[in-house]
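In case you want the letters, here they are:
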Amino acid sequence: MEQEELFGGGACFTDAIEALRSWTVEQTAGFLGRIDADDPMPMHEIAGHFADPTIAEEPAGLAAYVQYLERDVLPHVSHLASPGYFGHMTSGLPAFMPELARLVTALNQNVMKAETSRALTFLERQMIGAIHRELFGGSRDFYDRWLQDPAASLGFFTSGGTMANISALRLARERALPGQGSLPKRLAQTGLSGVAVIGSELLHYSFRKGTDLLGMELLEVPAGDDGRVRARDVRDMVHEAQRQGLRVAAIIGAGGTTDAGSVDPLRQLAAVANECGAHFHVDAAWGGGLILAGEGARILDGIGCADTVTIDGHKQFMLPIGAGMLFIRDPQAARAVAVHAPYAVREDSIDLGRFTIEGTRAAAALYLHAGLTILGRSGYRRLLDDSLDRARYFSGRLKAHPRFELALDPVMNIVLYRLRPSALCGRNLTPEENRAVNRFNTILQKRQRDTGRGFVSRTTRRVRRWSDEPSVLLRAVMLNPRTRHQDIDALIEEQAALAGTIEREGGF
Ligand SMILES: *Cc1c(COP(=O)(O)O)cnc(C)c1O
C-alpha cells in the first residue's frame, strides 16, 4: 500500500471513510435507542473477549474493523443514555456534541501551547472567564483587565475533576509554603512538621491521591447525617493540626458530595480558612454545573467565597468526557505554580501550559462554548431544573412507599436510599438486623444490574439515626434528560418486585 492509502485506512479510502461515517451515525442512533440500562453479559465474560495481546502483522482495513466493533465491543458498552440508567454521573450527550467532538478530534489542536492551538487558546480563556464570572461575579472591567492577560490565569481546563482538585492542592501548597526545593527542605527551614489539608470525610477520593502526591496530610472531619461538616468541627481540626506543628494549607468544602450531592456550609468554611490564613477550595466537580440552574445560587450558597473551584463539564454541563475545570478567583495567584521550559512554554508566553500539571490537552473548551451558545443559559436552566424536579419526584415516591427509606432529603439531583425486607419494616433495627438490610440492598442492586431494566449504583456510609455501623445505600443520579416520571415509577416498581423475589428465595 502507498503511504497515503495506508493512512486513509485501506483501499479506495474516500468510499470506505464515507461508509464508516454513516455506520457510526447508525450505531450512535442504535445506542441512544436502548431502553434497558445494561447488556446482560456478565463482566468476566466480556473480559474473555479481550484476552489476546498479539498485534496483527498485516493491515486489517476498515471493513473488517467495523465488523470487529459490531461483534465484540458495541454490544457490551454501558447504556448510559437509557432513561432507566440512574447509576453514575456520566450521561448521554446533547445530540450535537458527538459531531463537535469529531471536529475537535479532526483538528487535533493542542491547547498546552498557543502555537498548536491559536484561536482555541483564547477561546479557553474566554470560557473559563464566563464561568468564573458566574461563580465570583466580577465586574466587566475586571474581565477586560484579566481575561486575556497572559501573565494571569482565571483557571484552566483539565482532564477531569481529579486533576482540577490536585491542581488546586498544588496551588494551595505553593502559597502556604513558598520557596524552592523539595517540601522536606522547605519544612526543615520553617520548623513545621508537615502541611495539612482539612475537609469532610465525604470528600472525593481524589483528595487522598492529591495529598499523597504532594506530600501533604489529609485530615478528615466527620459529617452529619445531612452529609455536611460543621464549621466548628473544622475549626477544632485546624487547632489540632496546628498543635501538631502542621501548617494548614487548605480547607476544602464539598459543593456537592459524590455520594449524595450534599453541600458543606461554604460561607462558614471560608471564614475558618480566613481565620487561619489557609486557601479555601470548593470541590464542585459534580454540583458546580448547577450554578446555571434556577436555584443554583441558593444550593451553592457561598461558592463565591472560594479561592479556587473545581467543576466537571462532563457531569452537569453534559459535555464529552475530558472537560474538567479549575477556577481561580485571584488572577495573579496562579503565578505561584508557573513552570517554564525553553522548547515549549516560555516565560511570559501566552501558553496555557505554564499553569497546568498536564501537558498536551484537547480543546475541550469548545464543548462548553458550544453548549452555552447552542442551548443558551435558558436551555441549561431548563435541563438542570428538570433534573432537580426529577430528584424531588423520586424522593416523594420513595417517601410514599412503606418499604423504602431515604438516607437524606436530596439537596441536588442525587437520591440516596435503601429498601427494607418486609420482616424488618417500621421499627428500629439491631446492628445485626442493619447488617442484614445491608446484604439485602447489595443483592438487590446486583440483581437489578444483571437482570433488570433499571440501574442504580450503590454506596456505603454511616447514617447515624439507623445505626452506628455503615449502611449500604442505593444511589440514583438524576442527570439524564431522557428520564421521565414513568421511568422513575418503573425503576421503583422493579426494585420492589425484585425485593419480593429475594425475600421468597429466603434468608430475610
Ligand atoms: C466526579 C468527582 C470528582 C472527580 O472528577 P473526575 O472527572 O472523575 O476526575 C471529584 N470530586 C467530586 C465531588 C466528584 O463528583
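Before reading further, recall that the structure is shown in the block above.
What comes next is a walk through the structure. (Residues numbered from 1 in each chain as written. Predicted model: local features only at pLDDT ≥ 70, side-chain atom pairs only at ≥ 80, totals over all residues. Heavy atoms only, no water.)

## Thoughts on empty space enclosed by the protein
In this approach the atoms are scanned with a rolling probe the size of a water molecule, which exposes any empty space left behind. Evaluation of the coordinates by the stated rule reveals four cavities of 30 Å³ or more. Looking at the largest cavity, its volume works out to about 70 Å³. Taken together, Arg125, Ile128, Leu147, Ala152, Ser153, Leu154, Gly155, Phe156, Leu352 and Phe355 make up the lining of the largest cavity. Counting residues per element, the ones that place at least two in the lining of the largest cavity are helix H6 (119-136) and strand S1 (155-158). Looking at the lining of the largest cavity residue by residue, the class counts come to seven nonpolar, two polar and one charged. Empty space within the second largest cavity amounts to approximately 50 Å³. Sorting the residues of the lining of the second largest cavity by element identifies helix H8 (161-176) and strand S7 (324-328) as the ones contributing at least two each. When residues in the lining of the second largest cavity are grouped by element, the largest group, three residues, is from H8. Residue composition of the lining of the second largest cavity, by class: eight nonpolar, two polar and one charged. (1 Å grid on protein atoms, 1.4 Å probe; cavity = no way out; pocket = protein on both sides within 12 Å on 5 of 7 lines; lining within 4 Å. Points joined across faces, edges and corners; volume = space filled by probe spheres on them. Helix = DSSP H or I, 4+ residues; strand = E, 2+ residues; numbered from the N terminus. Nonpolar A, V, L, I, M, F, W, Y, C, P; charged D, E, K, R; others polar.)

## Overview of the nonpolar core
In terms of nonpolar packing, the biggest core is built from 74 residues, with Ile251 and Val309 touching the most fellow members. Among the elements that make up this core, the one with the highest residue count is H6 (seven residues). Here isoleucine 251 is in contact with Ile198, Val234, Val238, Leu269, Val272, Ala273, Cys276, Ala278, His279, Phe280 and His281, once residues within four sequence places are set aside. Leu406, Leu419, Ile492 and Ala499 belong to the second largest nonpolar core, which has 21 residues in total. (Core = buried A, V, L, I, M, F, W, Y, C linked by side-chain atoms within 4.5 Å. Buried < 20%, exposed > 50% of the residue type's maximum accessible area, 1.4 Å probe, protein only. Contact = heavy atoms within 4.5 Å.)

## Structural notes on the pairing of strand S3 (residues 217-221)
Side-chain positions along a regular strand alternate between the two faces of the sheet. Pairing between strand S2 (residues 194-200) and S3: five bridges, direction parallel. Note that in S3 the partner of valine 197 across the bridge is leucine 218. One crossover worth recording links S2 to the parallel S3 by way of helix H10 (residues 206-214), and it is right-handed. (Pairing = 2+ DSSP bridges. Right-handed = clockwise from strand over helix to strand, strands pointing away.)

## Quick word on the site of the ligand
The full set close to the ligand counts 15 residues, and Gly161, Thr162, Asp283, Asp312 and Lys315 are the nearest of them. Glycine 161 places a main-chain nitrogen or oxygen 2.9 Å from an oxygen atom of the ligand. Taking histidine 314, its side chain carries an N or O atom lying 2.9 Å from an oxygen atom of the ligand. One can see that the ligand is located within the second largest pocket. It is H8 that contributes the most residues to the shell around the ligand, three residues altogether. Looking at side-chain class alone, the shell around the ligand contains three nonpolar, nine polar and three charged residues. (Near = heavy atom within 4 Å. Polar contact = N/O pair within 3.5 Å; in protein donor to acceptor, adjacent residues only side chain to side chain. Sits in = over half its atoms within 2 Å of the grid points.)

## Considerations on the packing of helix H16 (residues 431-451) against helix H17 (residues 485-504)
Following both chains from N to C, one finds H16 and H17 inclined at 115°, their axes separated by 10 Å at the closest point. Crossing angle aside, the handedness with which H16 passes H17 is right-handed. In this structure, H16 uses Phe440, Ile443, Leu444, Arg447, Gln448 and Thr451 to contact H17, whose residues at the interface are Leu491, Glu494, Gln495, Leu498, Ala499, Thr501, Ile502 and Glu503. (Axes fitted to C-alpha atoms, helices over the stretch in contact; angles between N-to-C directions. Left-handed = near helix turned anticlockwise from the far one by under 90°.)

## Concerning the pattern of salt bridges
One pass over the full model with this rule turns up 32 salt bridges. Arginine 298 is the partner of glutamate 295 in a salt bridge, and the nearest nitrogen-oxygen pair spans 2.4 Å. Look at glutamate 295 and you get partly exposed, because its relative accessible area is 25%. Overlapping salt bridges bring together Glu295, Arg298, Asp389 and Arg392 as one network. (Salt bridge = Lys/Arg side-chain N within 4 Å of Asp/Glu carboxyl O.)

## Description of the pairing of strand S11 (residues 470-477)
The buried fraction of S11 is high, at seven of eight residues. As defined by bridge partners, strand S9 (residues 414-419) adjoins S11 across four bridges and the pair is classed as antiparallel. Residue pairing across strands places tyrosine 417 opposite leucine 474, the latter belonging to S11. Pairing of strand S10 (residues 457-462) with S11 involves six bridges; the strand directions are antiparallel. Across the sheet, residue arginine 458 finds its bridge partner in S11, namely leucine 474.

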